[in-house]
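Structural characterization, general
Listed here are the chains, written in short residue letters.
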Amino acid sequence: MANIKHLEMAAAIAANENIEMKKTLFGLKQTAVYKPTQSTVAADIYEYAPADGERMERLLRLPLDQLTDELRRNGRPMPTPVGHVRLEWVRSQDGCFVGLQLFRFVDFKYNAISAPLFYEGEDAQIVAGLLAD
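The present account deals with the structure reproduced in this document. Computed from a prediction, not measured in an experiment: that's the story for all the values here.

Across all of its chains, the model carries 6 salt bridges by this definition. Through salt bridges that share partners, Arg55, Glu70 and Arg73 make up one connected network.

Glancing now at the packing of aromatic side chains. Under the counting rule described, the total for this entry stands at 4 aromatic pairs. Taking the centre distance of 5.2 Å and the plane angle of 25 degrees together, the rings of Tyr34 and Phe97 count as stacked. Separated by 63 residues along the polypeptide, Tyr34 in strand S2 (residues 29-34) and Phe97 in strand S5 (residues 97-106) bring together distant segments of the chain. Pair check on accessibility: Tyr34 and Phe97 agree, each one buried. Three or more aromatic residues joined by ring pairs make a cluster, and in this case those are Tyr34, Phe97 and Phe118. The side chain of Arg86 reaches across the aromatic face of Tyr110, ending 4.6 Å from its centre.

Quick look at helix H3 (residues 64-74) now. Every buried residue of H3 is accounted for by Leu64, Leu67, Glu70 and Leu71. End-on, the buried residues of H3 take up no more than an arc of 115 degrees, which puts them together on one face. Exposed and oriented more than 90 degrees from the buried face of H3 are Asp65, Arg72 and Arg73. On the buried face of H3, the contacting elements are helix H2 (50-61), strand S7 (117-120) and helix H4 (122-131). Gly75 sits one or two residues past H3 and shows a positive phi near 75 degrees.

Bringing unusual backbone geometry into the picture now. Backbone geometry places Gln38, a non-glycine residue, at a positive phi of 55 degrees. You can see Gln38 is positioned in the loop between S2 and strand S3 (39-48). Even without being a glycine, Asp107 presents a positive backbone phi close to 55 degrees.

Definitions and cut-offs
Residues numbered from 1 in each chain as written. Predicted model: local features only at pLDDT ≥ 70, side-chain atom pairs only at ≥ 80, totals over all residues. Heavy atoms only, no water. Salt bridge = Lys/Arg side-chain N within 4 Å of Asp/Glu carboxyl O. Phe/Tyr/Trp six-rings, centres within 6.5 Å; stacked < 30°, edge-to-face > 60°. Helix = DSSP H or I, 4+ residues; strand = E, 2+ residues; numbered from the N terminus. Buried < 20%, exposed > 50% of the residue type's maximum accessible area, 1.4 Å probe, protein only. Lys NZ or Arg CZ within 6 Å of the ring centre and 35° of its normal. Arc of directions from axis to C-beta. Contact = heavy atoms within 4.5 Å.

Right under this line is the structure:
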């Protein structure tokens, strides 16, 4: 699991109205909480090879009903240990909130190739199916 404050999309997560950033341990540690359910939010990072990264980018642009059909037919893109496409995502412990953003490594830095996307409720569970093991 990654630390939320070290993500490229950390500012977008903190700016989300349904996320509350709480400082604990004398202000040394920061945790994110999904306010409607008071569930803690954890972060993770996946990297993809070029072909799977492009497929992930296409999948994230699909409406959710088409996304589930595509996943059923072709499965999900598989992460690799080292790839040039990076997906940062956060998920509430209860599965009711998912946030993600896709980046490409160019010129020794990660450049966003998608806007931060946030899903709640059933939509979050569908999108988590794209990512969760």
